[in-house]
Amino acid sequence: MRIITKIARQKNNPERYNIYLNEEYAFPVDEAILLQFGLTKGKALEAYDIEEIAYEDEIRKAFNKALNFLSYQMRSEHEVKKKLLDLEFGEAVILEAIQKLKSYGFLNDEVYSKALLDTKKATMKKGPRAIRQDLIKKGIDKTLQDEVLETFSHEEQVKLATQLAEKVVRSEKKKTPAQVKQKIQDFLMRKGYSFGIVDEVLQDITFEQDEDDWQQMLDVQGEKVWKKYSAKYTGYELKMKTKQALYQKGFPVEVIDRFIEEKGNEQ
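About the cut-offs
Residues numbered from 1 in each chain as written. Predicted model: local features only at pLDDT ≥ 70, side-chain atom pairs only at ≥ 80, totals over all residues. Heavy atoms only, no water. Helix = DSSP H or I, 4+ residues; strand = E, 2+ residues; numbered from the N terminus. Rg over C-alpha atoms; globule rule 2.2 N^0.38 Å. Buried < 20%, exposed > 50% of the residue type's maximum accessible area, 1.4 Å probe, protein only. Areas by Shrake-Rupley, 256 points an atom, 1.4 Å probe, with all protein chains shown as cover. Axes fitted to C-alpha atoms, helices over the stretch in contact; angles between N-to-C directions. Parallel < 35°, antiparallel > 145°, perpendicular 65-115°, else oblique. Left-handed = near helix turned anticlockwise from the far one by under 90°. Contact = heavy atoms within 4.5 Å. Core = buried A, V, L, I, M, F, W, Y, C linked by side-chain atoms within 4.5 Å. Expected span 1.5 Å × (residues − 1). Polar contact = N/O pair within 3.5 Å; in protein donor to acceptor, adjacent residues only side chain to side chain. Salt bridge = Lys/Arg side-chain N within 4 Å of Asp/Glu carboxyl O. Lys, Arg positive; Asp, Glu negative; His and termini not counted. Pairing = 2+ DSSP bridges.

Trainee: Give me the overall build of the protein: which residues, what numbers.
Mentor: Counting its secondary structure elements, the protein contains 13 helices and four strands. The C-alpha radius of gyration computed for the protein amounts to 33 Å, which surpasses the reference 18 Å derived for 267 residues by more than 25%, pointing to a less compact arrangement than a globule. For the protein, the C-alpha atoms occupy an extent of roughly 110 × 40 × 25 Å along the three principal directions. In the protein, which comprises 267 residues, the proportion classed as buried is 36%. Of the roughly 16300 Å² that the protein leaves accessible, carbon and sulfur atoms contribute 48%.

Structure, rendered in structure tokens:
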């Protein structure tokens, strides 16, 4: 049995204390542990008491590290556990610290997942598939993923996907409707929307082109195609190669024929 002969507050960390047993430095403890075990000068400690105090203090240190980690932004339980593992806390200590954090309401994967969903929708207009990948990376349980994503309604998905599609339309004035549709489809799929949502959005968007629009696009794309093939082909073969390439890009046949006729007259 050993006796506490001195308790001194640490200079660099006022929330931690150095414990002296039988006039010799023995171990440090957090203020919360000091109170939890009623550590006062003159108290006698058995070997098993010291081991229990050390274990509880380690939990407290892990708890405090996690709390500091959480102070910057919301985190998932998986992220907190990984952080504590990186700090080389033991598995049992980490589990105890996490339970304490959860009991105090500092750690809640359901609240975190809902917040992540709202953030990804508001800031990046992500679809369910992309958000699920974010949740997976954060270590969120599959059942909880499903529950949270069920709140992302069909109507809201269409609304956000339409906003993204309209942005593509505005930025691609020099592309044909077929090219713009393909770009919208690729973009929305990357954003995590399903084929069904993408198809619904495309059906609701109107792609209108007048003569001036087609002419502007031909001035860029048509000339590029003609230049490419005129370096290898002539005559009928050149016209067919050009017609095929422009048709695949979404230009109407009558517009292509007019362009080829004009190019033929130039020669």
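Trainee: Help me get a handle on the packing of helix H2 (residues 47-70) against helix H3 (residues 77-86), residues and values and all.
Mentor: Packed helix pairs are characterised by how far apart their axes lie and by the angle those axes make with each other. Interaxial distance between H2 and H3 falls to 10 Å at its minimum, and their mutual angle equals 125 degrees. Considered as vectors, H2 and H3 are oriented oblique to each other. Note on packing geometry: the crossing formed by H2 with H3 is right-handed. For the pair H2 and H3, the contacting residues are Ala62, Lys65, Ala66, Phe69 and Leu70 in the first and Glu79, Val80, Lys83 and Leu84 in the second.

Trainee: Run through the nonpolar core, naming residues and quoting values.
Mentor: A general trend in soluble globular proteins is that nonpolar side chains are found buried together. Among the nonpolar cores identified, the biggest contains 25 residues, and Ile131, Ile184, Leu188, Tyr193 and Val201 are the most heavily contacted of them. Counting only elements with at least two residues in this core, the list comes to helix H5 (109-124), helix H6 (128-137), helix H7 (142-149), helix H8 (154-171), helix H9 (177-190) and helix H10 (195-204). Considering every element that reaches this core, the biggest residue donor is H8, with six residues. Residue contacts for Tyr193: discarding those within four places in its chain leaves Lys125, Lys126, Gly127, Pro128, Arg129, Phe152, Gln157, Leu160, Ala161, Leu164, Leu188 and Val198.

Trainee: Can you lay out H5 for me, pointing to particular residues and giving the numbers?
Mentor: Given 3.6 residues to a turn, an α-helix orients residues that are three or four positions apart in the same direction. Helix length check: H5, at 16 residues, gives a terminal C-alpha distance of 21 Å against a target of 22 Å (1.5 Å per residue), a fit within 8%. Where H5 is buried, its residues contact H3, H6, H7 and H8. The residue sitting at the N-terminus of H5 and contributing the capping side-chain oxygen is Asn108; that oxygen lies 3.0 Å from the backbone nitrogen of Glu110. Where H5 terminates, the next one or two residues include Lys125, which has phi positive at roughly 55 degrees.

Trainee: Go over the pattern of salt bridges, please, and point to the residues and values.
Mentor: What the rule picks out here adds up to 14 salt bridges. The salt bridge involving Arg132 is made with Asp146; its shortest N-O contact spans 3.0 Å. You can see Arg132 sitting in helix H6 and its partner Asp146 sitting in helix H7, a full 14 residues away along the chain. Accessibility expressed as a relative area gives 24% for Arg132, which makes it partly exposed.

Trainee: Which residues make up the side chain of Arg75, and what are the values?
Mentor: Mapped onto the elements, Arg75 comes out in the loop between H2 and H3. Buried and without a salt bridge, Arg75 has Glu79 as its closest oppositely charged side chain, separated by 4.5 Å. When neighbours within four sequence positions are excluded, Arg75 is seen to be in contact with Phe69, Leu70, Val80, Leu107 and Tyr112.

Trainee: Please provide a residue-by-residue account of the pairing of strand E2 (residues 16-21), values included.
Mentor: Residues in a regular strand point their side chains to alternate faces of the sheet. With five of its six residues buried, E2 lies for the most part within the structure. As defined by bridge partners, strand E1 (residues 2-9) adjoins E2 across five bridges and the pair is classed as antiparallel. Across the sheet, Lys6 pairs through a bridge with Tyr20, a residue of E2. With six bridges joining them, E2 and strand E3 (residues 24-30) adopt antiparallel strand pairing. Of the residues in E3, the one forming a bridge with Ile19 is Phe27. If you look at the hairpin formed by E2 and E3, you'll find two residues sitting between the two strands, and Asn22 has a positive phi there, around 50 degrees.

Trainee: Can you lay out the environment of Glu147 for me, pointing to particular residues and giving the numbers?
Mentor: Structurally, Glu147 can be placed in helix H7. What makes Glu147 partly exposed here is its relative accessible area of 45%. The sequence separation of Glu147 and Ser113 amounts to 34 residues, and the corresponding C-alpha distance is 9.7 Å.

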